[in-house]
Amino acid sequence: ESYWFDIKPTDKEKTTTVLTLQLSDDGIIKGSIQYLYAGYKAVSQRKKIYKFSSVEEFIGDFKNKNQDLNISDFKIENLDDISKPLIFKLDVEFGDGIYGGDHFLFNPFITDQWQRNPFKSAERLYPVDFGAPLEEIMILTLDYPAGYEVDGLPNKVGLSLPQGGGRFIFDIQNSMNKLSVNNSLLIAKPVFTSQEYHYLKEIFNNVLAVQQTELVFKKKK
């Protein structure tokens, strides 16, 4: 007898990005970025690396694709140990002095922005299949000089999909010349019905709107 057998995902496609940065008086930002890939995301990232003839060639390609970042050091951990998350560690410098003057704009979403909403249609007649649950976390801390202040903060965001389907959280704090941003998107199940489509579309609209956030820094008078 033949029958259909559903192969269900056993893990998530998870990315955690941690940015620890410092703004200097000359308008240059320096610090570190760590990418942690787990679950199915670690699989896809390892496949990307193995397509190159060497790890050094992959790192060179990564630097060419991220020319806005001056990467002084790049380390890859757990490449061959599939029982552990894949980790990229970067020492970076960027800005070229543009983050200075009497006032300037700063977008905390330096890497891995969603460029568009994947859900454009007004209606959906068939299910949405992500393949596996999705989770993206971004944590940023930015120390900035005492002579500057942040002119207002965007509103916090907290949204949930019906029936535990996922959530989107954006939280930002500013205290003692330290800016802290926590951003988390969770799509908790791989398949959504056509009736749930509008909720997905709306949550991604909010993700894109938040990632276009421009913070205004200005010198204290």
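Peer 1: Break down the packing of aromatic side chains for me, citing the residues and quoting the values.
Peer 2: Enumeration according to the criterion identifies 22 aromatic pairs in this entry. On the basis of an interplanar angle of 90° and a centroid distance of 6.3 Å, the ring pair of Phe-94 and Tyr-99 is categorised as edge-to-face. Seen from their ring centres, Phe-130 and Phe-192 are 5.9 Å apart, and the 75° between their planes marks the pair as edge-to-face. Placement of the pair is Phe-130 in the loop between strand S6 (128–129) and strand S7 (134–143) and Phe-192 in strand S12 (residues 191–192), with a sequence separation of 62 residues. A relative accessible area of 2% places Phe-192 in the buried class.

Peer 1: Can you lay out the pattern of salt bridges for me, pointing to particular residues and giving the numbers?
Peer 2: Evaluation of the coordinates by the stated rule reveals 10 salt bridges. Its salt-bridge partner being Glu-135, residue Lys-14 comes within 4.0 Å of it at the nearest N-O pair. Of this pair, Lys-14 sits in strand S1 (residues 13–23) while Glu-135 sits in strand S7, and the two are 121 residues apart along the sequence. Of the residues examined, Glu-135 reaches a relative accessible area of 6% and is grouped as buried.

Peer 1: Summarise helix H1 (residues 40–50); cite the residues concerned and give the values.
Peer 2: Of all the positions in H1, only Ala-42, Gln-45, Arg-46 and Ile-49 are classed as buried. What you see down the axis of H1 is that its buried residues fit within an arc of 100°, all on one side.

Peer 1: Can you tell me about the sheet that holds strand S5 (residues 103–106), naming the residues and giving the values?
Peer 2: Picture the strands of a sheet paired through backbone hydrogen bonds; they go either parallel or antiparallel. The antiparallel open sheet is built from three strands, whose spatial order is S5-S13-S8. Two strands close off the open sheet at either side, each with one partner strand: S5 and strand S8 (148–150). Neighbouring strand axes in the sheet, compared pairwise and without regard to direction, differ in orientation by 25° on average.

Peer 1: Let's hear about the side chain of Gln-45: which residues, and what values?
Peer 2: The residue Gln-45 is located in helix H1 in this model. Judged by relative accessible area, which is 7%, Gln-45 ranks as buried. Gln-45 has contacts with Tyr-37, Leu-86 and Phe-88, leaving out every residue within four places of it along the chain.

Conventions used here
- Residues numbered from 1 in each chain as written.
- Predicted model: local features only at pLDDT ≥ 70, side-chain atom pairs only at ≥ 80, totals over all residues.
- Heavy atoms only, no water.
- Phe/Tyr/Trp six-rings, centres within 6.5 Å; stacked < 30°, edge-to-face > 60°.
- Helix = DSSP H or I, 4+ residues; strand = E, 2+ residues; numbered from the N terminus.
- Buried < 20%, exposed > 50% of the residue type's maximum accessible area, 1.4 Å probe, protein only.
- Salt bridge = Lys/Arg side-chain N within 4 Å of Asp/Glu carboxyl O.
- Arc of directions from axis to C-beta.
- Pairing = 2+ DSSP bridges.
- Axes fitted to C-alpha atoms, helices over the stretch in contact; angles between N-to-C directions.
- Contact = heavy atoms within 4.5 Å.

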